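Remarks on the overall topology
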Amino acid sequence: MRTLDPLFSPRSIAVVGASAAPAKAGNALLAALGAFPGGLYPINPREDQILGRTAYPRLTDVPDQIDLALLVVPPPAVPAVLRDAADAGVKAVVIHAGGFAESGTEGGAIQAEIEAIVAETGLRLLGPNTSGFINPVDEVRACFMPAVAELPAGSVSIVAQSGGVNIALAFLCRDEGVGIRLAVGLGNAVDVGFVDVLDHLAGDPETRAIGIHVEGLADGRAVIEAIERVTESVPVVALKIGRADVGAFAQSHTGALTGDFALARSALAQAGAVVVDTPTELVDAVHALSQGRMAPAADPGIAVVTGQAGPGLIIADALRTAGVSVPELQSATVAHLGTLLAPITYQRNPVDTGRPEATFAEVVATVAADDVVDGLIAYGLVEASFDPVAALGPSPVPSVYVTEGARADLAVLRPALESAGVPVYLSPERGAFGVAARVVDARARLRRSQSDERSEPVGVPVAPLGPAPLDEDQAKSFFEAHGVVMLARRACATRSEAAAALAALGGPVVVKILDAEVLHKSDVGGVHVGVRDQAGLDAALDAIDAIRPGRPVRYLVEAMAAPGAELIVGGVRDAVFGPVVLLGVGGVLVEAVDEAVLGLAPLGRADAADMVAQFPVPRILDGYRGQPAVDRAALADLLVTVGRVLVDHPEIAEVDLNPVRGTADGLVALDALIQLG
């Protein structure tokens, strides 16, 4: 990988388009770099000096080596400046101006020329159409907003597709006392994109948490793989924009349930990111994670210690609502707490101290030492009766503190706790969200560690399908070869063959039209259930013959399945993320419950089990209304199989197993659709 150090940690910078006019972006950019300790060179052919610095007509006129050139020139001038930069030995460039591919045909042509120059010269380029980046640690504030000088240095890095969002997130972090290591606005990302910056940050020891802002991805699978790499060492929090942006529906139910927004969020989470809904949630999550991650665990237990009962209940309620375990403490722990706290206080978790006093530190230590506790959150108003730094700083588990009080007291307490590795929040619900983010990260780390078997083959020889479309019988035979359970059936070309099938299978049976061009058989009267005798068979065949009069008709006669919950298991080949597996409510409810669980293929068994755990209506799997419970392990195995099929058969565009029924004897697929693309 070509290093990004000259871009984000340059030793010398030139500002091309620097201006002496205060209203110009070139003036603001130069001013924002006022504290930069290296060489700083304004480039302007009409000025001798700008802001007290010698100006040069062109990059090639600067007497020193330049690492980074910042361009604030009109789009038509950019290609010539880039060639100047290459001739001058500049290593990296930021194009701040807009007016490129995002603006129309003319701008797109200029951007295409820029791409060609970058490919030819090897320049690293951020932008165009970006506010730039901010590196307070090295005093490189390559942004035309001078107020970024107020951003404190720290350990949180931001990568945003929007330059404006990048700046907004950086200031939101500042407001919560969170310092910035690096904040990058990608803009049009002609060269440097998510993958480049994430890989750069993975090797940066000063970055302890990363927040990313995602609008849309052209290289979704590459970004997901980069997140997988970086989360091995650094937690990632992802804000995905575009909830209302649903892609065009495909012909099958699987395609209809796979929207761009839902798929991107699922992919980000599967890669190990903590996915959030708002900028505030992103800041709260990176705040906690930058101060420490919890150990990988399937269901980490969180203890709540509070000096005031009401706020403690708010915290506990918020945690449980988020699906975080707040387990009851062990009896020995509760017994010891009884010697420290008044009998009227609740001591099993949450632990109510009544009011923080001298015993608060021992209470925290006692609770944190309990084997059921993996993390801790404490609440207490700023009071002179106890020292939260002494209580929480030595905690053996990752801790969070929520407090309020006089501004002067908070100005002293917050930095002291943060220096001790304890993030401080000023509201109970935001503190609870920070803890929940740590829990999500811990679960994802465990799942990722268990997903090494993703590349395992399914043990079936891979032979291309097609080119002719597959009918239901052919699709079922294909999946049977992969171990998927189907019911006994007969494909019939004539009515007499259908009668023989009924006799062989015995009633009741299902009679269907067998035609690869009929995707939704029920919609056209092509499915007849409960057929027991010749009269019922004749009625079913008459109805099927009427669907496409004048054309040869084939029939599928199939045994009836035992009752059970109906699911949909499917897969699509997404243009951005590649093969995707889907799990949702199936059968007649598929259109009523339009929420589904998505995962990128290939799936490991841990990935598949996690998808099952996220099933949108859990009670359906648990034996709703007297139905048998669904075999969750078998369902996870089916998801793995569908994922491998998609990976091994790139000619398959879409798969639909709907419904898959969870009977007392196990899972059985009642219908199968394979679309070739």
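Let us look at the structure shown here. Counting from 1, residues in each chain are numbered in the order their sequence is written. In keeping with the model being predicted, local features are shown solely for residues with a pLDDT of at least 70 and side-chain atom pairs are shown and tallied solely at 80 or more, while totals for entire chains, interfaces and linings include all residues. Hydrogens and waters are ignored; side-chain quantities use all the structure's heavy atoms.

Right, let's get into the overall build of the protein. A run of H or I in DSSP becomes a helix once it reaches four residues, and a run of E becomes a strand once it reaches two; helices and strands are each numbered from the N terminus. Scanning the protein for helices and strands turns up 22 helices and 29 strands. With the C-alpha coordinates aligned to their principal axes, the bounding extent of the protein is approximately 100 × 75 × 35 Å. When burial is assessed residue by residue, the protein has 55% of its 677 residues classed as buried. Only heavy atoms enter the contact rule, under which two residues are in contact if any of them lie within 4.5 Å. Restricting the contact set of the protein to residue pairs at least 6 apart, pairs at least 24 apart contribute 69%. Accessible surface is estimated by sampling points in the Shrake-Rupley manner with a 1.4 Å probe; for residues, cover comes only from the protein chains shown. Looking at the protein as shown, the accessible area adds up to about 26700 Å², and 54% of this sits on carbon and sulfur atoms. Buried means the residue's accessible area, taken with a 1.4 Å probe over protein chains only, is under 20% of the maximum for its type, while exposed means over 50%, and partly exposed covers the values in between.

Take the environment of Asp67 next. Structurally, the position occupied by Asp67 is in the loop between strand S4 (53-54) and strand S5 (68-71). Along the sequence, Asp67 and Gly99 sit 32 residues apart, while their C-alpha atoms lie 25 Å from each other. Residues within four places of Asp67 in sequence aside, it is in contact with Pro6, Pro10, Arg11, Ser12, Val90, Lys91 and Ala92.

Structurally, the position occupied by Arg293 is in the loop between helix H10 (279-290) and strand S15 (302-306). Polar contacts, as counted here, are pairs of nitrogen or oxygen atoms within 3.5 Å of one another; within protein the pair requires one atom able to donate a hydrogen and one able to accept it, and residues that are adjacent in sequence qualify only if both atoms are side-chain atoms. A polar side-chain atom of Arg293 sits 3.1 Å from the main-chain carbonyl oxygen of Thr231. Of the polar contacts made by the side chain of Arg293, one reaches the side chain of Asp441; its length is 2.9 Å. Those residues in contact with Arg293, other than ones at most four positions away along the chain, are Thr231, Glu232, Ser233, Val234, Pro235, Pro398, Asp441 and Arg445.

The buried fraction of strand S25 (residues 578-585) is high, at eight of eight residues. DSSP calls a pair of strands paired once it identifies at least 2 bridges connecting them. Counting the residues in the hairpin turn of strand S24 (residues 565-574) and S25 gives three residues. Where S25 meets strand S26 (residues 596-600), five bridges bridge the pair, whose relative direction is antiparallel. Within S26, the residue paired with Gly584 across the bridge is Ala596.

Note on definitions: angles span 0 to 180 degrees between N-to-C directions of axes, and those axes are lines fitted to C-alpha atoms, for helices only across the stretch in contact. Taken N-terminus to C-terminus, the directions of helix H20 (residues 605-613) and helix H22 (residues 632-648) make an angle of 120°; their axes are 8 Å apart at the nearest point. Judged on the interaxial angle alone, H22 and H20 are oblique. The interaxial crossing formed by H20 with H22 has right-handed handedness. Contact with H20, carried on its side by Arg605, Ala608, Ala609, Met611 and Val612, involves Arg632, Leu635, Ala636, Asp637, Leu639 and Val640 of H22 and no other residues of that element. When residue character is reported, Ala, Val, Leu, Ile, Met, Phe, Trp, Tyr, Cys and Pro are called nonpolar, Asp, Glu, Lys and Arg charged, and the others, Gly included, polar. For the contact of H20 with H22, a count of residues per class yields eight nonpolar, no polar and three charged. Our angle categories are set so that under 35 degrees counts as roughly parallel, over 145 as roughly antiparallel, 65 to 115 as roughly perpendicular, and the remainder as oblique. What makes a crossing left-handed is the near helix being turned counterclockwise from the far one by less than a right angle; a clockwise turn instead makes it right-handed.

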